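# Reading the structure
If you want the building blocks of each chain, they are given just below.
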Amino acid sequence: MSSKRLGFLTLTLVVLAIGSIFFVACTRPGTAPTASGNGGNTPKTGGGGGTTVHMGSSDFLVPTTTIPKGSKLTLIDDVAVPHIIQNGTYDANGTPKPAKEPGAPTVNVNFSGSDTKDIGPFTTAGTFHLYCTIHVKMNLTVTVK
Ligand SMILES: [Cu+2]
């Protein structure tokens, strides 16, 4: 009878182990690194123009974001990796195409790593492309409404 009890205990441990694996697997990709303590990468829009986009070691954590006309966009470098963000985009082949759309703010911002900077304000409605001149295919599309 003690072996039956042991079996139950083992089963319980296995279920707990599998459960925790699922928990980790499910929570990990969506929430991104929260080491910065900044509450994830979900773009937030608020009265103060507080839309944020996080950057990883070689990418924007979201490829697109939408902000209200007249507001700024806050870029947050989550890691100790530099980025140089300018107007333009990489094409499908990874070729950099510097370009500033009509109505786009001039963007030329250096991140030295683990820092946060505002760009804009974006005063014209439209779709604007930003890229990192260091990291190939590090593109961000900003839609201003
Ligand atoms: Cu970069």
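Residues numbered from 1 in each chain as written. Predicted model: local features only at pLDDT ≥ 70, side-chain atom pairs only at ≥ 80, totals over all residues. Heavy atoms only, no water.

## A short note on the pairing of strand β4 (residues 83-90)
We count it as follows: Strands are labelled as partners when DSSP assigns at least two bridges between them. Runs of E in the DSSP output that reach at least two residues are strands. Runs of H or I that reach at least four are helices, and both are numbered from the N terminus.
Examined bridge by bridge, β4 and strand β6 (residues 108-111) share 4 bridges and lie antiparallel to one another. Opposite Gln86, over in β6, you have Asn108 as the bridge partner. With 3 bridges joining them, β4 and strand β8 (residues 126-132) adopt antiparallel strand pairing. What sits directly across from Ile85, in β8, is Cys132. Of the pairings in the sheet, the one linking β4 to strand β5 (residues 96-98) comprises 3 bridges and is antiparallel in character. In the sheet register, Gly88 faces β5, and the bridge partner there is Pro98.

## Concerning the sheet that holds strand β1 (residues 51-55)
Spelled out, the test is: For every element, the axis is a line fit to its C-alpha atoms; helices are fit only across the contacting stretch, and the angle between N-to-C directions ranges from 0 to 180 degrees.
Sheet architecture is open: 3 strands sit in the order β1-β3-β7, paired in mixed fashion. Unpaired on one side and paired on the other, β1 and β7 (116-119) mark the two borders of the sheet. Direction aside, neighbouring strands of the sheet carry axes that sit 25 degrees apart on average.

## Concerning the confidence of the model for the protein
As a reminder of what qualifies: On a range of 0 to 100, pLDDT expresses the predictor's confidence in each residue. Throughout, a contact is declared for two residues whenever any of their heavy atoms are within 4.5 Å.
The pLDDT averaged across the protein works out to 79; a share of 66% of its residues lies at or above 70. Scored below 50 in pLDDT, residues 9-19 makes 0 contacts in the model with residues more than four places away or belonging to other chains. Contacts of residues 21-49 to residues separated by more than four positions or lying in other chains number 28 contacts, the stretch itself having pLDDT below 50.

## Brief notes about the pattern of salt bridges
The following threshold applies: A side-chain nitrogen of Lys or Arg and a carboxyl oxygen of Asp or Glu constitute a salt bridge if their distance falls within 4 Å.
Here the structure, examined in full by the defined rule, presents 1 salt bridge. In this structure, Lys97 engages Asp91 in a salt bridge whose closest nitrogen and oxygen atoms are separated by 4.0 Å.

## Quick notes on the coordination of the copper ion
Going by this rule: Coordinating donors are taken as N, O and S atoms within 2.8 Å of the metal, stretched to 3.2 Å for Na, K and Ca; because water is absent from the atoms, sites can appear incomplete. Between buried and exposed lies partly exposed: a residue is buried under 20% and exposed over 50% of the maximum accessible area for its type, with that area taken using a 1.4 Å probe on protein chains only.
At this site the copper ion is bound by His83 (ND1), Cys132 (SG) and His135 (ND1), with donor distances of 1.9 to 2.1 Å. Given the relative accessible area of 15%, His135 is considered buried.

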